[in-house]
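Letter by letter, the chains look like this.
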Amino acid sequence: MTNSPRPLIAGNWKMNGLGASLAEATALAQALAAEPAAARVALCPPATLIERMSRQLAGSAVEIGGQDCRAEASGAFTGDVSAEMLADAGARLVILGHSERRAGYGETDALVSAKVEAALRAGLEPIVCVGETLAEREAGQAVAVVAAQVAGSLPTAVAGKPFSVAYEPVWCIGSGCIPTIEQIEEVHVAVRAALVARLGEAGKGAAILYGGSVKPANAADIMKVREVGGALVGGASLKAADFLPIVRAV
Ligand code: PEP
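Now for a description of the structure that goes with this document. Being a predicted model, the structure only gives us computed values, none of them experimental.

1. Concerning helix α8 (residues 181-199)
Then comes step 1: Between its first and last C-alpha, α8 extends 27 Å over 19 residues, near the 27 Å set by a 1.5 Å rise per residue.
Then comes step 2: Residues of α8 that are buried include every one of I184, V187, H188, A190, V191, R192, A194, L195 and L199, and no others.
Then comes step 3: Where the residues of α8 are buried, they touch α6 (134-138), α7 (142-153), β6 (164-167), β7 (207-211) and α9 (216-223).
Then comes step 4: Where α8 terminates, the next one or two residues include G200, which has phi positive at roughly 65°.

2. Digging into the nonpolar core
Then comes step 1: Membership of the largest hydrophobic core comes to 67 residues, with the highest contact counts inside it found for I9, L28, L124 and L195.
Then comes step 2: What L124 contacts, discounting residues up to four positions off in sequence, is A83, L86, A87, A91, R92, L93, V94 and A119.
Then comes step 3: L8, A42, I127 and L209 belong to the second largest nonpolar core, which has twelve residues in total.

3. Observations concerning the environment of T26
Then comes step 1: Relative to the helices and strands, T26 is located in helix α1 (residues 22-34).
Then comes step 2: Residues T26 and L57, spaced 31 residues apart in sequence, show a C-alpha to C-alpha distance of 6.7 Å.
Then comes step 3: If we ignore the near neighbours within four places in the chain, the residues touching T26 are Q56 and L57.
Then comes step 4: At a separation of 2.6 Å, a polar atom in the side chain of T26 contacts the side chain of Q56.

Cut-off values and rules
- Residues numbered from 1 in each chain as written.
- Predicted model: local features only at pLDDT ≥ 70, side-chain atom pairs only at ≥ 80, totals over all residues.
- Heavy atoms only, no water.
- Helix = DSSP H or I, 4+ residues; strand = E, 2+ residues; numbered from the N terminus.
- Expected span 1.5 Å × (residues − 1).
- Buried < 20%, exposed > 50% of the residue type's maximum accessible area, 1.4 Å probe, protein only.
- Contact = heavy atoms within 4.5 Å.
- Core = buried A, V, L, I, M, F, W, Y, C linked by side-chain atoms within 4.5 Å.
- Polar contact = N/O pair within 3.5 Å; in protein donor to acceptor, adjacent residues only side chain to side chain.

What follows is the structure in structure tokens.
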């Protein structure tokens, strides 16, 4: 594990979940109340569920996060949601720079960095995603790509604030395949070095999460890897029965 205070296991529901899905969040919270976890636990539902989930899980061990935010606090940006709005709805964290947004919406490191500033302004804890494509890995560029994303996506304002970085190799997201333990370790160690290069001492304490096809069957092995301080979990976070064993793998 890393030297971060407490590992974080965060679930990214992506564009999945209607009101009925809140039962899964409640089941998770009830299980954690019955037997507390060593890890911090967060769920990041679609924006439409944040307020309802926050009310339903108030006082529980499950923290709520958003999946993205606009950098501006308010304005003529039809369809977008600001960090302040997420916080107002009950979110405490926010995923930023997910590869699905970098690829699908052309989000650059500079934009992600501006969104991190917005999250901090609103009092949200950012989870900043980085990760190489398969083509970049096959070209031997994985470490360089990820280190550049860390440097470009984190404003110096995060120093001293709670935040984490999620290493999510793009070729592993939703694919069912994961890197080898050696590949995970190599990149996580490189992310730590990039964090320290960017933020000095403040780069030493942030959790570095692994994300990409984390399942109950592989979670324990991944969590033991040097500099892995938790997980960002997509598909396996939708059902409490799948997510709970991952939470308990820490
Ligand atoms: C993700 O999209 O952040 C993710 C890790 O997805 P999955 O676990 O489904 O690969």
